[in-house]
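Breakdown of the fold
Here is how the chains run, residue by residue.
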Amino acid sequence: MIHHHLVTAINGGLSLYLDQNNQASWLDLMSDTAHDDSFLIRVYNELIQDKPQVRPYASAGTAKLPLIVAQQLSRNVRHRALGGTANGQESIISQQEARIEIMAPEPDVCDVLSQTVYKIIQGLRKDFLVNGYISFMINSIDELAPHESLAAEELGVFVRRISISAMIQEDSATIRPDITLGTLTIGLAPSGRVQPI
C-alpha cells in the first residue's frame, strides 16, 4: 500500500516543481543543497526536457532513465484493535517499510533529483498523517553510487535510495452487513460464579 501512496505523492510533487513556471520555487526548495544556481538550473533543464518516470516496483512495461521506483519491503501487523474500531469494523495497525530508488544516467542528475524527491516526501509528511498514517518517517538517504547490478555492464546508471518506515491503521473490507445472531446475558451470582440470568 505505502508504495502506491509514495508514487502518488512523488508524481504530485514533481508535477508542481518540474514546471518551468515554478523554477523559482524549486530553486528555493534546493537552497540548502550547497549547489550554485547555474549548476541547479542546468540540471533542472535536463529534468524538464527528460521528465523522470515514477512507478511502483515490478510494474509491467519498459522504463527509461531518469526513473524513480517505490517499493514496499514489508508489511507486518503490529496491533489488532479488540472489537474493531468505533464504527464496528475490524481494524489492524501495520508497520510498513518502503524504499525509493532514484536512478539516472548521470551522477549530477541523480543527486539533484534524489534531493528533490527527499524534500517532496519530507514536505508531504503531514498529508500522510492526515490520511490515516499514525507515523511516517524518512529513516535514511543512501550515498550516491553506481547501480550494483549494472556496474559490471558499464551502463552508467547511478542510484540513490531513500528508506521510509510508517505505521498505518487499516480497516477491513465490509463483505456483508453485520447480523446480530442473538444476545447473551450473563450475571454474577452472589457466590461469584457466572450463571445465565
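About the thresholds
Residues numbered from 1 in each chain as written. Predicted model: local features only at pLDDT ≥ 70, side-chain atom pairs only at ≥ 80, totals over all residues. Heavy atoms only, no water. Salt bridge = Lys/Arg side-chain N within 4 Å of Asp/Glu carboxyl O. Helix = DSSP H or I, 4+ residues; strand = E, 2+ residues; numbered from the N terminus. Buried < 20%, exposed > 50% of the residue type's maximum accessible area, 1.4 Å probe, protein only. pLDDT = per-residue confidence, 0-100. Contact = heavy atoms within 4.5 Å. Core = buried A, V, L, I, M, F, W, Y, C linked by side-chain atoms within 4.5 Å. Axes fitted to C-alpha atoms, helices over the stretch in contact; angles between N-to-C directions. Parallel < 35°, antiparallel > 145°, perpendicular 65-115°, else oblique. Pairing = 2+ DSSP bridges. Polar contact = N/O pair within 3.5 Å; in protein donor to acceptor, adjacent residues only side chain to side chain. Phe/Tyr/Trp six-rings, centres within 6.5 Å; stacked < 30°, edge-to-face > 60°. Expected span 1.5 Å × (residues − 1).

1. Describing the pattern of salt bridges
Think of it this way: side chains of opposite charge can pair up when their charged atoms draw near. Evaluation of the coordinates by the stated rule reveals eight salt bridges. With a closest N to O distance of 2.8 Å, Asp32 and Lys119 form a salt bridge. Of the two residues, Asp32 sits in the loop between α2 (23-29) and α3 (37-49) while Lys119 sits in helix α4 (residues 107-123), which places them 87 residues apart along the sequence. Ionic pairing is found between Glu101 and Arg161, a salt bridge with its closest N-O pair at 2.6 Å. Of this pair, Glu101 sits in strand β3 (residues 91-104) while Arg161 sits in strand β6 (residues 158-171), and the two are 60 residues apart along the sequence. Neither Glu101 nor Arg161 differs from the other in exposure class; each is buried. By sharing partners, the salt bridges in this structure join Arg42, Glu46 and Asp108 into a single network.

2. A short note on the confidence of the model for the protein chain
Overall, the predicted model of the protein chain reaches an average pLDDT of 82, with 76% of residues at or above 70. By mean pLDDT, strand β8 (residues 194-196) is the weakest element of the protein chain at 49, and α4 is the strongest at 94. The model gives residues 192-197 a pLDDT under 50, and that stretch makes twelve contacts with residues more than four places away or in other chains.

3. Examining the nonpolar core
Counting 39 residues, the largest nonpolar core has Leu6, Trp26, Ile68, Ile100, Val117, Ile121 and Phe136 as the members making the most contacts within it. Residues Leu67, Met103, Val157 and Val159 belong to the second largest nonpolar core, which totals five residues.

4. With respect to the packing of α3 against α4
Look at α3 against α4: their axes get within 10 Å of each other, and the N-to-C directions meet at 90°. With respect to their mutual orientation, α3 and α4 come out roughly perpendicular. Across the interface between the two elements, Phe39, Leu40, Arg42, Val43, Glu46 and Leu47 of α3 pack against Asp108, Val109, Val112 and Leu113 of α4.

5. Overview of the pairing of β3
For β3, the tally of buried residues reaches eleven of 14 residues, placing the bulk of the element in the interior. With twelve bridges connecting them, strand β2 (residues 67-80) and β3 associate as antiparallel partners. The residue bridging Arg75 from the neighbouring strand is Gln96, located in β3. Pairing of β3 with β6, which is carried by 14 bridges, proceeds in the antiparallel orientation. What sits directly across from Ile100, in β6, is Ile162.

6. A look at the side chain of Asp111
If you trace the backbone, Asp111 turns up in helix α4. One polar contact links Asp111 to Arg160, side chain to side chain, over a distance of 2.7 Å. The contact partners of Asp111, leaving out residues within four places of it in the chain, are His35, Leu144 and Arg160.

7. Quick word on the packing of aromatic side chains
Here the structure, examined in full by the defined rule, presents four aromatic pairs. Between Trp26 and Tyr44, the aromatic rings sit 4.7 Å apart at their centres with planes inclined by 35°, giving tilted as the arrangement. A residue pair is termed long-range when its members are at least 10 positions apart, and Trp26 in helix α2 and Tyr44 in helix α3 qualify at 18 residues. You can call Trp26 buried: its relative accessible area is 0%. Each ring, one from Tyr133 and one from Phe136, has its centre 6.1 Å from the other, and the planes form 85°; the classification is edge-to-face. Grouping residues by exposure puts Tyr133 and Phe136 together as buried. Every member of this aromatic cluster is reached through a ring pair, and the members are Phe128, Tyr133 and Phe136.

8. Some remarks on helix α1 (residues 2-17)
Taking 1.5 Å per residue as the helical rise, α1 with its 16 residues ought to reach 22 Å, and the 22 Å between its terminal C-alpha atoms agrees with that figure. For α1, the set of buried residues is Ile2, His3, Leu6, Val7, Ala9, Ile10, Gly13, Leu14 and Tyr17.

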